[in-house]
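# Structural characterization, general
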Amino acid sequence: MLYIIFILIIVLDQLTKYGAIRYLKGNKPLVIIEDFLEFNYIENFGAAFGILQNRRIFFVLITLIVIIIIIFFLKRNICCLNKSIKISLVMLMAGAIGNLIDRVRFGYVVDFISIKFKNGYEFPIFNIADSFIVISTILIVYMILFDKYKV
């Protein structure tokens, strides 16, 4: 089950990025919901919210270290962890690998999901992998803080 979730997240991420490259790159943003959601291709040479631009080697190394730590942690503690924390760790790892593939392949991460709020705030453009990284991180922090990660 964990392997299927892992593969599905990476495939979904890479397919949507392929679609962004094929249909959005060089074109105007595709409006999905007026004044709220649009698909807008950008090349992110940094991290979340565009910070630390042009640090490709740094991000590749950090991502590899995080992946190794997650694999080691899962293998060492698989019997003691509940299903929710296992799934969350797999989601985090798959999201990290989705963005790692872009960094190695292109030298940047493909972002394309743009959300705008009525008060004028525009959330930084992101992708599917970013979504899984953020959601899984929130879940992991919650489970650790409230001691809900054990069997």
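Everything here concerns the structure above.
### Overview of the overall build of the chain
Assigned secondary structure in the chain consists of four helices and three strands. Scanning the chain from its N terminus toward the C terminus, one meets helices and strands in the order α-β-β-α-α-β-α. Computed over C-alpha atoms, the radius of gyration of the chain comes to 17 Å, within 12% of the 15 Å expected from 2.2 N^0.38 for 151 residues, which places it in the range of a compact globule. Along the three orthogonal principal directions, the C-alpha set of the chain runs to about 50 × 35 × 30 Å. Taken over 151 residues, the chain has a buried fraction of 37%. Put simply, 65% of the contacts in the chain that link residues at least 6 apart link residues at least 24 apart. Carbon and sulfur atoms provide 70% of the accessible area of the chain, an area that totals close to 9600 Å². Here the chain holds 16 positive side-chain charges and 10 negative ones, and the gap between their average locations is 11 Å.

### With respect to the layout of surface pockets
Put simply, the second largest pocket is a space of about 270 Å³. Lining of the second largest pocket is provided by Leu-2, Tyr-3, Phe-6, Ile-71, Leu-74, Lys-75, Ile-78, Val-90 and Met-93. Of all the secondary structure elements, the ones that give two or more residues to the lining of the second largest pocket are α1 (2–23), α2 (56–77) and α3 (83–105). A per-class count over the lining of the second largest pocket returns eight nonpolar, no polar and one charged.

### Observations regarding the sheet that holds strand β3 (residues 109–115)
Read across the open sheet, the three strands follow the order β1-β2-β3; overall the sheet is antiparallel. Because the sheet does not close on itself, it has two edges, and the strands there are β1 (30–33) and β3. Strand-to-strand twist in this sheet, taken as the mean axis angle between neighbours without regard to direction, amounts to 35°. Alignment of strand β2 (residues 37–44) against β3, held across six bridges, turns out to be antiparallel. Across the sheet, Phe-39 pairs through a bridge with Ile-113, a residue of β3. Sheet strands in contact with α1 are β2 and β3, and its direction is about 85° off that of β3.

What counts and what doesn't
Residues numbered from 1 in each chain as written. Predicted model: local features only at pLDDT ≥ 70, side-chain atom pairs only at ≥ 80, totals over all residues. Heavy atoms only, no water. Helix = DSSP H or I, 4+ residues; strand = E, 2+ residues; numbered from the N terminus. Rg over C-alpha atoms; globule rule 2.2 N^0.38 Å. Buried < 20%, exposed > 50% of the residue type's maximum accessible area, 1.4 Å probe, protein only. Contact = heavy atoms within 4.5 Å. Areas by Shrake-Rupley, 256 points an atom, 1.4 Å probe, with all protein chains shown as cover. Lys, Arg positive; Asp, Glu negative; His and termini not counted. Charge placed at Lys NZ, Arg CZ, Asp CG, Glu CD. 1 Å grid on protein atoms, 1.4 Å probe; cavity = no way out; pocket = protein on both sides within 12 Å on 5 of 7 lines; lining within 4 Å. Points joined across faces, edges and corners; volume = space filled by probe spheres on them. Nonpolar A, V, L, I, M, F, W, Y, C, P; charged D, E, K, R; others polar. Pairing = 2+ DSSP bridges. Axes fitted to C-alpha atoms, helices over the stretch in contact; angles between N-to-C directions.

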